[in-house]
Amino acid sequence: MKALRAVLAVLSDLVIGDDWRITAGIIAVLGLTAVLAHHGLPAWWLPPLAVVALLAGTVWAARRRAGSVP
Amino acid sequence: MGAGGFLVLSVFLACCVESVEALTVILATGVTRGWRASLWGAAGAVAVLAVIVAVMGPAVTRVPLDWLRLLVGGLLLVFGLQWLRKATLRAAGLKALHDEAAVYDRQIAAANAAGGKPTSGLDRYAFTLSFKAVLLEGLEVVFIVLTFGANQGSIPLAAVGGIAAVVLVSAAGFAVRAPLTRVPENTLKFVVGVMLTAFGVFWSGEAAGVNWPGADGALLALIAVIGLAALGLARAARPALADPALAGPALPDPAEVIR
C-alpha cells in the first residue's frame, strides 16, 4: 500500500507537479492548436508562444507568492 | 547533430540528473549503515524497474503512433515545463539551489539517527531507503526513456542514452565514494528543462497537426527560443527582489547560477 502510494505520488508529480495550471494550460493549447490545424490555418506559432507565456505566468505567480511584488 | 543524436543527448542528460539523486541516497546509506543492505536495496529496485519496463515497453509500442505522439508529447511538455519552472525559479533566486552535498549530509544524519544497526542479517533501514530512492528516481528514468524512445520510434536508442547515464554516474560515484557535487546539477537541470520542453512542444505540436517550418530543423529554433525566454525570465524575475527592503541579501546573478 505504501509502495502504491509512493508510485502514485511520483505519477502525480510528473503530470501535475507544483503548478496544476501548467497542465491545464497545455491541454487547452494543444486542443486549440488541433482546431487551428484541422481548419487548415497555420498553427506552428501557437505552442511555443503559449509555452513561453505559461512559463512566464507560473514564474510570476511564484514571485508574487514570495512576496516580492506588492 | 541529427535527431538521433539529440535523442541520446537529451535522455542522457535527464537520466544523469535522476541518477545523481538516487546515488546520493545509496552512498549516504552505504557509508553510514553498510554497503550490503544499501546495494541489495538498489538491486531490488532495479529488478522491480526491469519488470515495469518489460510490461510497459511492449504496451507503448502497440498504441497508434498519432495518439501516442499526442499523449507522450503532451506528457513530456508538462514534465519539461515543470522542470524548467523550477530551474528558472532557482536561477532567479526564488527557490533554493539544489545542493547534493547538503542532501548527502541530511541523509547521513538521518541514517545515524535511525540507530539500531543490526549486527547480523540485512539492515532494513538501509535496504528500504536505498530501494525507495532507486525505485522512485528509476521510474523517472524509465518514463524519460520510454517517452523519448517511443516518439522517435527508437526505444533502444533512448535506452542507450539512459543506460550510459546510469553507468557513468554510478561509476563516478563509487569511484569517489562521495556525493557528486562536482556535477553542475542546477545547470544540468536548466538545460534538460529546456530540451524536454522543446521536444515536448515539437512532438505534441506535430501530433496536433502542426507543420513545423523547416521540419526537424524547427527543433533547434525551439530550443533556442525556449532557452532564451527562460533565461530572460530568470533575469526579469530578479530585480524586484533585489530591493534590500524586500529581499534582504543580494541575490546571485542568474548567469552565474546556471553556469
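Residues numbered from 1 in each chain as written. Chains lettered and ligands numbered in written order. Predicted model: local features only at pLDDT ≥ 70, side-chain atom pairs only at ≥ 80, totals over all residues.

### Looking at the overall build of chain A
- Helix and strand counts for chain A stand at three helices and zero strands.
- Along chain A, from the amino end to the carboxyl end, the secondary structure elements read α-α-α.
- A total of 70 residues make up chain A; the buried ones form 29% of that total. (Helix = DSSP H or I, 4+ residues; strand = E, 2+ residues; numbered from the N terminus. Buried ≥ 20, exposed ≤ 12 C-beta atoms within 10 Å, placed from the backbone.)

### Topic: the overall build of chain B
- In terms of regular secondary structure, chain B is built from ten helices and zero strands.
- The N-to-C order of helical and strand elements in chain B reads α-α-α-α-α-α-α-α-α-α.
- Here chain B holds 259 residues, and the buried ones make up 49% of them.
- Across chain B, the fraction of contacts at a sequence separation of at least 24, relative to all contacts at a separation of at least 6, is 84%. (Contact = placed C-beta atoms within 7 Å.)

### Thoughts on the nonpolar core
- Residues L55(A), V11(B), C15(B), V145(B), V194(B) and A198(B) are the most contacted members of the largest nonpolar core, which totals 91 residues.
- Every residue in contact with L55(A), bar those within four places of it in the chain, is listed here: L81(B), L84(B), R85(B), T88(B), A229(B), A230(B) and L233(B). (Core = buried A, V, L, I, M, F, W, Y, C linked by C-beta atoms within 7 Å.)

### Topic: the packing of helix α2 (residues 20-38) of chain A against helix α3 (residues 46-65) of chain A
Residue and element names in this part refer to chain A.
- Axis separation between α2 and α3 bottoms out at 10 Å; the angle between their running directions is 160°. Comparing their axes, α3 and α2 come out roughly antiparallel. The handedness of the crossing between α2 and α3 comes out as right-handed. Of the residues in α3, those in contact with R21, I22, G25, V29, L32, T33 and L36 of α2 are L46, P47, A50, L54 and T58.
- A per-class count over the contact of α2 with α3 returns eight nonpolar, three polar and one charged. (Axes fitted to C-alpha atoms, helices over the stretch in contact; angles between N-to-C directions. Parallel < 35°, antiparallel > 145°, perpendicular 65-115°, else oblique. Left-handed = near helix turned anticlockwise from the far one by under 90°. Nonpolar A, V, L, I, M, F, W, Y, C, P; charged D, E, K, R; others polar.)

### Things to note about the interface of chain B and chain A
- Taken together, the 38 residues of chain B in the interface contact 32 residues of chain A.
- Those elements that place two or more of their residues in the side of chain B that touches chain A are α3 (65-92), α5 (124-152), α7 (185-207), α8 (218-236) and α9 (244-247) of chain B.
- Classifying every residue of the side of chain B that touches chain A by side-chain character gives 28 nonpolar, eight polar and two charged.

### Details of α2(A)
All names here are of chain A.
- The first and last C-alpha atoms of α2 sit 27 Å apart over 19 residues, in line with the 27 Å expected at 1.5 Å per residue.
- Listing the buried residues of α2 in full gives I22, T23, G25, I26, V29, L30 and T33. For α2, the buried positions fall inside an angular range of 160° around the axis, keeping them on one side. Residues of α2 that are exposed and point more than 90 degrees away from the buried face comprise W20, R21, I27, A28, G31 and H38.
- Just beyond α2, the residue with positive phi is G40, at close to 75°. (Expected span 1.5 Å × (residues − 1). Arc of directions from axis to C-beta.)

### Notes on the confidence of the model for chain B
Residues and elements named next belong to chain B.
- On average, residues of chain B score 77 in pLDDT, and 79% of them reach the 70 mark or higher.
- Summarising per-element confidence for chain B, the mean pLDDT is lowest in α9 (44) and highest in α8 (91).
- When the criterion is pLDDT under 50, residues 241-259 qualifies, and its contacts beyond four places in sequence or with other chains add up to 30 contacts.
- Interface confidence for the predicted complex, given as ipTM, is 0.85, next to a pTM of 0.65. (pLDDT = per-residue confidence, 0-100.)

### Observations regarding the environment of F202(B)
- Among the structural elements, F202(B) can be located in helix α7.
- Residues F202(B) and L219(B), spaced 17 residues apart in sequence, show a C-alpha to C-alpha distance of 6.5 Å.

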